[in-house]
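Coordinate inspection notes
Each chain, letter by letter, is given below.
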Amino acid sequence: MIMEPPIPTSSRSKSGAARENDRLRRLQRLVIQGELAATAVHEISNLQTIVLFNAALLRERHKGNPEVIGYVEPLLHAANMIATMCSQLRHLAHPVEAQAQVMDLAAVCEGACRLLEKIIGRKLVFEPGRAGPVLVVADPSQVEQMLINLVMNSRDATPPEEGVIIVRVGPDRETRRPWLEVEDNGTGMPPRVKARLFTKFFTTKPAGHGTGLGLVTVRRLLEAMGGRVVVHSRVGRGTRIRLVFAAPSPAQAAAYVPPVFDPRLPNMPGQAFRPPP
């Protein structure tokens, strides 16, 4: 229920009371929007469960048909990513600790890229940079979230017909710290825009097409993992954003065991997408 704004007292100026009332109205709208969002997340989660269940049945029924499996696998992976996002939204008001683990950055990024290339309408290239795993200590779902944010920003900055987005991973030659990089051939950014890139609610997109929180979220998640963001951009030449992660300790790297892929189960968030044999 929306409460009527308080009546200004004689001790307050009219302008001060108006500002307080306006602030109260905005807070009340946020409460209502939060309640609506929670309801929407619940309904989306229910629908996603139906999609996941039927897609799993479809894969089991057509497990001998590689063409069908090639379409079902991305659907299963996307459904599980939606489940993860719904869980993150549900915990927004009551944050939970990230599930950090030693993971292969290359495998997680490759899986996300296989999904993204089907939906972004741009040429998406994944370059692993080296043979073998690129180990980091991070939450796989958060890494996917950061990559999706960067790729979607690159999509919006590139032309549909000629846009090219390159995702790279690798270790730094000097520090050995692992990194994830997204580069595009888009419009690039002038210095004044680059300076405000991580300012909350700042966006160059048209109204209704950007919240100004995507890159802010990326930096917040990365810094919580002990990492940092490096941005290179030139007007008319494109943008390259590198996420530098903290390297696992020798003991953590030695204890890493690659996940075992079970073809009977859908790919989970953080597990590399595996195409059918």
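The following paragraphs examine the structure supplied in this document. (Residues numbered from 1 in each chain as written. Predicted model: local features only at pLDDT ≥ 70, side-chain atom pairs only at ≥ 80, totals over all residues. Heavy atoms only, no water.)

Describing the nonpolar core
The line we're drawing: The set of buried Ala, Val, Leu, Ile, Met, Phe, Trp, Tyr and Cys residues whose side-chain atoms join them within 4.5 Å is what this entry labels a nonpolar core. Relative accessibility under 20% of the residue-type maximum defines a buried residue, over 50% an exposed one, and the middle range a partly exposed one, all with a 1.4 Å probe and only protein chains included. Each helix corresponds to a stretch of at least 4 residues labelled H or I by DSSP, and each strand to a stretch of at least 2 residues labelled E; elements are numbered beginning at the N terminus.
Core analysis: the biggest nonpolar cluster contains 38 residues, and Leu105, Met146, Leu147, Leu180, Leu243 and Phe245 have the highest contact counts within it. If you list the elements that add at least two residues to this core, you get helix H3 (105-116), strand S3 (135-138), helix H4 (140-157), strand S4 (164-171), strand S5 (178-184), helix H6 (214-224) and strand S7 (238-244). Among the elements that line this core, the one with the most residues is H3, at eight residues. By size, the runner-up hydrophobic cluster in this structure holds five residues, among which are Ala55, Val72, Leu76 and Ala79.

Some remarks on the sheet that holds S5
Keep this limit in mind: Two strands qualify as a pair provided that DSSP identifies no fewer than 2 bridges between them. Note on definitions: angles span 0 to 180 degrees between N-to-C directions of axes, and those axes are lines fitted to C-alpha atoms, for helices only across the stretch in contact.
The strand order across the open sheet built from five strands is S2-S4-S5-S7-S6, with neighbouring strands paired in mixed fashion. Each edge of the sheet is formed by a strand with only one pairing partner; in this case those strands are strand S2 (123-127) and strand S6 (228-234). Mean inter-strand twist for the sheet, computed between neighbouring axes without regard to direction, equals 15 degrees. With five bridges joining them, S2 and S4 adopt parallel strand pairing. Pairing of glutamate 127 across the sheet is with arginine 168, part of S4.

Focus: the pattern of salt bridges
What counts here: The rule for a salt bridge is simple: a side-chain nitrogen of Lys or Arg has to be within 4 Å of a carboxyl oxygen of Asp or Glu.
Enumeration according to the criterion identifies 10 salt bridges in this entry. With a closest N to O distance of 3.2 Å, glutamate 60 and lysine 63 form a salt bridge. Accessibility expressed as a relative area gives 45% for glutamate 60, which makes it partly exposed. On the accessibility criterion, lysine 63 (60% relative accessible area) is exposed. For arginine 219, the salt bridge goes to glutamate 223, with nearest N and O atoms at 4.0 Å.

Quick look at H3
What counts here: A helix is expected to span 1.5 Å for every residue after the first. Pairs of N or O atoms within 3.5 Å make up the polar contacts considered here, provided that, within protein, one atom can donate a hydrogen while the other can accept it, and that residues adjacent in sequence are counted only when both atoms are side-chain atoms.
For H3, with 12 residues, the first-to-last C-alpha span of 16 Å sits near the 16 Å given by 1.5 Å per residue. Looking at where H3 begins, the residue whose side-chain oxygen comes 3.1 Å from the main-chain nitrogen of alanine 106 is aspartate 104.

Concerning the side chain of aspartate 184
For clarity, the threshold we go by: Positive: Lys, Arg. Negative: Asp, Glu. His and the chain ends are not part of the count.
Turning to its location among the elements, aspartate 184 is positioned in strand S5. An unpaired buried charge is present at aspartate 184: no salt bridge exists, and arginine 122, the closest side chain of opposite charge, is 9.4 Å distant. A distance of 2.9 Å separates polar atoms of two side chains, one belonging to aspartate 184 and the other to serine 154.

Things to note about the packing of aromatic side chains
Our working rule: Pairing of aromatic side chains here covers Phe, Tyr and the six-membered ring of Trp, requires ring centres within 6.5 Å, and sorts the geometry by plane angle: under 30 degrees stacked, over 60 edge-to-face, intermediate tilted. Remark: a charge is flagged as sitting over a ring if the NZ atom of Lys or the CZ atom of Arg is within 6 Å of the ring centre and within 35 degrees of the ring normal.
Under the criterion given, the structure shown has zero aromatic pairs. Stacked on the ring of tryptophan 179, the Lys or Arg arginine 242 has its end atom at 3.8 Å from the ring centre.

Remarks on the pairing of S6
Here seven bridges tie S6 to S7, and the two strands are oriented antiparallel to one another. Looking at S7, one finds that valine 230 is bridged to arginine 242. Where S6 folds back on S7, the antiparallel hairpin that results is connected by three residues, among which glycine 236 adopts a positive phi of roughly 80 degrees.

What to know about the state of the cysteines
Filter applied, for reference: Disulfides are defined as pairs of cysteine sulfur atoms found within 2.5 Å of each other.
In total, this model carries zero disulfides according to the counting rule given. No disulfide involves cysteine 109; its sulfur sits 6.4 Å from the nearest other cysteine sulfur, which is in cysteine 113. Owing to a relative accessible area of 4%, cysteine 113 belongs among the buried residues under this scheme.

So, the packing of H4 against H6
Let me state the cut-off plainly: Reported orientations rely on four angle classes, namely roughly parallel under 35 degrees, roughly antiparallel over 145, roughly perpendicular from 65 to 115, and oblique for the rest. Handedness of each helix crossing follows the sense of rotation of the near helix against the far helix: counterclockwise by less than a right angle gives left-handed, clockwise gives right-handed. Contacts are residue-level and defined by heavy atoms, with any inter-residue pair within 4.5 Å sufficient. By the convention adopted, Pro, Cys, Tyr, Trp, Phe, Met, Ile, Leu, Val and Ala count as nonpolar, Lys, Arg, Asp and Glu as charged, and the other residues, Gly among them, as polar.
In the contact formed by H4 and H6, the axes pass within 10 Å of each other and the chain directions differ by 150 degrees. Overall, the two elements H4 and H6 adopt an arrangement that is roughly antiparallel. In the packing of H4 onto H6, the handedness of the crossing is left-handed. Seen from H4, the contacting residues are Gln142, Gln145, Met146, Asn149, Leu150 and Asn153; seen from H6, they are Gly214, Leu215, Thr217, Val218, Leu221 and Leu222. Residue classes in the contact of H4 with H6 are distributed as six nonpolar, six polar and no charged.

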